[in-house]
Amino acid sequence: MLERLFVYGTLKRESSLPLAQELNRSATFEGEARFNGRLYLVSHYPAAIPSDRPEEWVHGELFVVRDPGFLVTLDRYEECAQEDVQPTEFRRSAQTVVNSRGESVQAWMYTYNRPVTDLRRIASGEFSSGPDIG
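Residues numbered from 1 in each chain as written. Predicted model: local features only at pLDDT ≥ 70, side-chain atom pairs only at ≥ 80, totals over all residues. Heavy atoms only, no water.

Draft legend 1. Quick peek at the overall build of the protein. For the protein, the helix and strand inventory stands at two helices and eight strands. The secondary structure elements of the protein, listed N-terminal to C-terminal, are β-α-β-β-β-β-α-β-β-β. Radius of gyration (C-alpha) of the protein: 14 Å, near the 14 Å computed for a compact globule of 134 residues. Its C-alpha atoms give the protein principal-axis dimensions of about 40 × 35 × 25 Å. Within the protein, the fraction of its 134 residues that count as buried is 47%. Within the protein, contacts between residues separated by at least 24 positions form 62% of all contacts whose residues are at least 6 apart in sequence. As presented, the protein carries roughly 7,200 Å² of accessible surface, and 49% of it is formed by carbon and sulfur atoms. Put simply, the protein has 15 plus and 20 minus side-chain charges, and the middle of one group is 2 Å from the middle of the other. (Helix = DSSP H or I, 4+ residues; strand = E, 2+ residues; numbered from the N terminus. Rg over C-alpha atoms; globule rule 2.2 N^0.38 Å. Buried < 20%, exposed > 50% of the residue type's maximum accessible area, 1.4 Å probe, protein only. Contact = heavy atoms within 4.5 Å. Areas by Shrake-Rupley, 256 points an atom, 1.4 Å probe, with all protein chains shown as cover. Lys, Arg positive; Asp, Glu negative; His and termini not counted. Charge placed at Lys NZ, Arg CZ, Asp CG, Glu CD.)

Draft legend 2. View of the packing of aromatic side chains. Within this structure, the stated rule accounts for five aromatic pairs. Ring geometry for Y45 versus F90: centroids 6.2 Å apart, planes at 55°, classification tilted. Of this pair, Y45 sits in the loop between β3 (37-41) and β4 (46-50) while F90 sits in strand β6 (residues 90-99), and the two are 45 residues apart along the sequence. Exposure class is identical for Y45 and F90. Each is buried. (Phe/Tyr/Trp six-rings, centres within 6.5 Å; stacked < 30°, edge-to-face > 60°.)

Draft legend 3. Summary view of the pattern of salt bridges. A full pass over the atoms with the stated rule returns 10 salt bridges. For the salt bridge of E56 with R38, the shortest nitrogen-to-oxygen distance reads 2.9 Å. Note that E56 is positioned in the loop between β4 and β5 (58-65) and R38 in strand β3, a separation of 18 residues in sequence. For E56, a relative accessible area of 5% corresponds to the buried category. Assessed through its relative accessible area of 25%, R38 is described here as partly exposed. Here D75 and R92 are joined by a salt bridge, their closest N and O atoms 2.8 Å apart. Of this pair, D75 sits in helix α2 (residues 70-77) while R92 sits in strand β6, and the two are 17 residues apart along the sequence. With a relative accessible area of 10%, D75 lands in the buried category. (Salt bridge = Lys/Arg side-chain N within 4 Å of Asp/Glu carboxyl O.)

Draft legend 4. Examining the environment of S15 more closely. Note on placement: S15 falls in the loop between β1 (4-7) and α1 (18-26). Judged by relative accessible area, which is 13%, S15 ranks as buried. C-alpha separation for the pair S15 and S128, spaced 113 residues apart in sequence, amounts to 9.1 Å. Sequence-distant contacts of S15, that is, excluding residues within four places in its chain, are made with T10, A20 and Q21.

What follows is the structure in structure tokens.
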């Protein structure tokens, strides 16, 4: 089974975090992708939630995870493993993303599992070291 993973924040290829570097070694970069959703700034990291508005997109990267067991490591990083206190801040679920060829594909993704009312929105849908917050 093909295990795709969509990342949009601290796990992107540009990140210097050790786990992002481990992702680069444990997965194959498939290309840029986007998710129909909204992006918010939680702290030094972003959070995405789904949207049904066609103009709202979260931009990120799509990987093929060669070792599905690596997803357990990511669950621990995102603090949404089975042993973490529920409800967790994030949850991993299969979502539809659009790859760089314009095809809709299924990928694992970590979506925010809390209210966003007090968070600042990243209007561009793109998280980087200097997000466009609106």
